[in-house]
Number of protein chains: 2
Amino acid sequence: MTEDTEKPSRKRQARGEKRIAELLDAAERVFAAKGFKGATTNAIAAEAGASPGTLYQFFKNKEAIAEALTARYVERLRAAHGEAFDLSVADLPLNVMLDRILDPLIAFDRANPGFYALLADPHTSPDLVGAKRPAQAVMFDRLDAILERKAHGQPPEQRRRTAEVAVHLFRGLLPLIMAASEEDLPAVITEVKRALGAYLDGALADADR
Amino acid sequence: MTEDTEKPSRKRQARGEKRIAELLDAAERVFAAKGFKGATTNAIAAEAGASPGTLYQFFKNKEAIAEALTARYVERLRAAHGEAFDLSVADLPLNVMLDRILDPLIAFDRANPGFYALLADPHTSPDLVGAKRPAQAVMFDRLDAILERKAHGQPPEQRRRTAEVAVHLFRGLLPLIMAASEEDLPAVITEVKRALGAYLDGALADADR
DNA sequence: CGAAAATACGAGCAATTACTCGTATTTTTA
DNA sequence: TAAAAATACGAGTAATTGCTCGTATTTTCG
């Protein structure tokens, strides 16, 4: 077995891939506007210019749409900012590091409002929770690795908690970031960085104590 | 007109008040478990041991239930912690002030999971948003007043933003607080206070600059 | 007491919605 | 080119759900 968890179906056409992308684009808009429960599969199909039957040709059910969309976000997040989130930033001063990490992350979130809509919803089924885990892990794991490099002496448990709190802290401020007008955004970003910087600064100082 | 925005109906019986309280208790549980959209009015009625007809005798529709529940939370929040959130805490050292404010607030949130469930849901109708505003205002206004007293020289606009960010910061960490086991809670609370303390400390230091 | 009002019930309606299925069209492939 | 497979359609269905309404019981009050 090299790479086949797929059924013995014949082949997916380029047309199909295009439709899937269109359906996910549509789902992104509808989820962002209405949330998961509020979104209608018929509305997603219509938004994509497709029929319900076509939608269900590619997705087993509504949850599968959200799962696929989440997977696409994770993929894009890795592709776009894997480098910016690289471990080498750990050697930079804290405020520079925060610029490097947060600027692209904020840009990504503002450019992909559906990502936030899906991630923020706390009332998701177990399957969806599983699909969301990698999205959380992308941020958490990298930050944890960075902290490990930046504060060697700290016990791993404490470090994990610091990373977890920092990620939640950012996610908690996301509503503010998402709601900010283009005009207010710089000031909001400044505050976000100030909050994260102050927290991490304290956590790292404790590690050296 | 002294106090009557009510219809010329005859009188609400004690039995009715009791039923309303039971229905709100039930709604709290169902909303906390399923979210607003996921909750069913029939399920709320059943949870309260009442029939749908009885539910709709006291509430115009599903939204009205959430509005009344939110109002009850605001009332309880004010009653339970109005004093702890009193302006005099502004004269205390920052970390003591945070203990005084956050400990009862965290206890309230953990004791009223429906409050968090309703507040956190971003996909609410305009009516619900209006009902939620006072809940936000309770925390924001008091913190803003405290900051005014603690940092006189700061321009109001900057102060408002600090208060807004601080409130969002706390709300953002609420998922962590709500999900923590009784065992983990103290450590989580420590981190929350550290984060808020570090942020506010920086903001207040800037004000004195 | 007795009438009116408040409370209570729950079957069921109208609307919504996730999803199916029979059928038609386009693309692949042998 | 012809059969098979993939894609597409959209009316229809079964289930869910917010809410109503006719009716029955309890409480209030003159």
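Residues numbered from 1 in each chain as written. Chains lettered and ligands numbered in written order. Predicted model: local features only at pLDDT ≥ 70, side-chain atom pairs only at ≥ 80, totals over all residues. Heavy atoms only, no water.

Within an unreviewed UniProt entry, the label attached to chain A reads AcrR family transcriptional regulator, and the organism entered is Glycomyces lechevalierae.

Some details on the UniProt feature "domain: HTH tetR-type" (unreviewed entry) in chain A
Here the UniProt-annotated "domain: HTH tetR-type" (unreviewed entry) positions come out as residues 17-77 of chain A. From the first C-alpha to the last, residues 17-77 of chain A spans 20 Å; its make-up is 85% helix and 0% strand. (UniProt positions renumbered as here; feature names shortened; annotations may be inferred. Helix = DSSP H or I, 4+ residues; strand = E, 2+ residues; numbered from the N terminus.)

Brief notes about the protein's contact with DNA strand D
By nearness alone, 28 residues border DNA strand D, and Arg10 and Gln57 of chain A together with Lys11, Thr41 and Lys62 of chain B come closest of all. When the atoms of DNA strand D within 4 Å of the protein are sorted by group, sugar and phosphate make up 70%. A distance of 3.1 Å separates a base nitrogen of DNA strand D from a polar side-chain atom of asparagine 42 of chain B. Mapped onto the surface near DNA strand D, the elements with two or more residues apiece are α1 (14-38) and α3 (52-58) of chain A together with α2 (41-47) and α3 (52-58) of chain B. (Near = heavy atom within 4 Å. Polar contact = N/O pair within 3.5 Å; in protein donor to acceptor, adjacent residues only side chain to side chain.)

A word on the protein's contact with DNA strand C
Near DNA strand C you find 28 residues, and of these Lys11 and Thr41 of chain A together with Arg10, Gly53 and Gln57 of chain B are the closest. The sugar-phosphate backbone supplies 71% of the atoms of DNA strand C found within 4 Å of the protein. Within the backbone of threonine 41 of chain A, a nitrogen or oxygen atom sits 2.8 Å from a phosphate oxygen of DNA strand C. The separation between a phosphate oxygen of DNA strand C and a polar main-chain atom of lysine 62 of chain A is 2.9 Å. Breaking the surface near DNA strand C down by element, the ones donating at least two residues are α2 (41-47) and α3 of chain A together with α1 (14-38) and α3 of chain B. With five residues, the single largest contributor to the surface near DNA strand C is α3 of chain B.

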